[in-house]
Amino acid sequence: QVQLVESGGGLVQAGGSLRLSCVVSGRIFRVNGMGWYRQAPGKQRELVAAITSGGNTNIADSVKGRFTISRDNAKKTVYLQLNSLKPEDTAVYYCHADVWRTGAVSSYDYWGQGTQVTVSS
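Just so you know, these numbers come straight off a predicted model, no measurement behind them.

Asks: Sorry if this is basic, but what is going on with the overall build of the protein here?
Replies: When you go through the protein residue by residue, the secondary structure sums to zero helices and eleven strands. If you list the helices and strands of the protein from N to C, you get β-β-β-β-β-β-β-β-β-β-β. Expected size for 121 residues packed as a compact globule is a radius of gyration near 14 Å; at 14 Å, the protein falls within 12% of this value. Overall, the protein is about 50 × 25 × 25 Å in size when its C-alpha atoms are taken along their principal axes. Within the protein, the fraction of its 121 residues that count as buried is 42%. Restricting to contacts in the protein with at least 6 residues of sequence separation, those with at least 24 account for 56%.

Written out as structure tokens, the structure reads:
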């Protein structure tokens, strides 16, 4: 069984910062790409940022220059640093990982339970 556990969400004023963390646990052979998505009320889930196992990143235009994604492969952890937050960043943030379990024949997508980020104006 693979689990993704997020932490770091909360309520912050506009212009503030948060740091989200997501730890992957279980019988894991390898963690490939990891990333963060978000879903605001009434909207579709959207990609915020993604990072490959080699450290290449893809950042959504809406957060470019404000959010930074990073990972610690040894700790099987991905981070999202959120700076200069805006009210429109309010959403549930979900961690995603492409994980190859020990003994599996291929990798699969796994999701965290989500963490709420609320930005007040």
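Further notes follow.
Asks: Looking at this model, I keep getting lost on the state of the cysteines. Mind explaining?
Replies: Overall, the coordinates contain one disulfide when judged by the stated rule. Note on cysteine connectivity: Cys-22 is disulfide-linked to Cys-95, with sulfurs 2.1 Å apart. Judged by the sign of its S-S torsion, about -85°, the cystine formed by Cys-22 and Cys-95 is left-handed. With Cys-22 in strand S3 (residues 18–26) and Cys-95 in strand S9 (residues 91–101), the pair connects residues that are 73 residues apart, well separated along the chain. Here Cys-95 falls in the buried class, since its relative accessible area comes to 0%.

Asks: Just to check I follow, could you spell out the pattern of salt bridges for this structure?
Replies: Side chains carrying opposite charge are able to pair once their charged atoms draw close together. One pass over the structure, following the stated rule, counts four salt bridges. The residue Glu-46 makes a salt bridge to Arg-38 at a minimum N-O spacing of 2.7 Å. With its nearest N and O atoms 3.1 Å apart, the salt bridge here joins Lys-64 to Asp-61. Asp-61 carries the same exposure label as Lys-64, and that label is exposed. Three or more residues are tied together by salt bridges with common partners; here these are Arg-38, Glu-46, Arg-66 and Asp-89.

Asks: What is the right way to look at the nonpolar core in this model?
Replies: The tendency in soluble globular proteins is for nonpolar side chains to be buried side by side. By size, the foremost hydrophobic cluster in this structure holds 32 residues, and its most contacted members are Val-24, Trp-36, Leu-80 and Tyr-93. Listed by contribution, the elements that provide at least two residues to this core are strand S1 (2–7), S3, strand S4 (28–39), strand S5 (46–51), strand S7 (67–72), strand S8 (77–82), S9 and strand S11 (115–120). The element best represented in this core is S9, accounting for five residues. The contact partners of Val-24, leaving out residues within four places of it in the chain, are Val-2, Gln-3, Leu-4, Val-31, Met-34, Lys-76, Ala-97 and Val-99.

Basis of the calculations
Residues numbered from 1 in each chain as written. Predicted model: local features only at pLDDT ≥ 70, side-chain atom pairs only at ≥ 80, totals over all residues. Heavy atoms only, no water. Helix = DSSP H or I, 4+ residues; strand = E, 2+ residues; numbered from the N terminus. Rg over C-alpha atoms; globule rule 2.2 N^0.38 Å. Buried < 20%, exposed > 50% of the residue type's maximum accessible area, 1.4 Å probe, protein only. Contact = heavy atoms within 4.5 Å. Disulfide = S-S within 2.5 Å. Salt bridge = Lys/Arg side-chain N within 4 Å of Asp/Glu carboxyl O. Core = buried A, V, L, I, M, F, W, Y, C linked by side-chain atoms within 4.5 Å.

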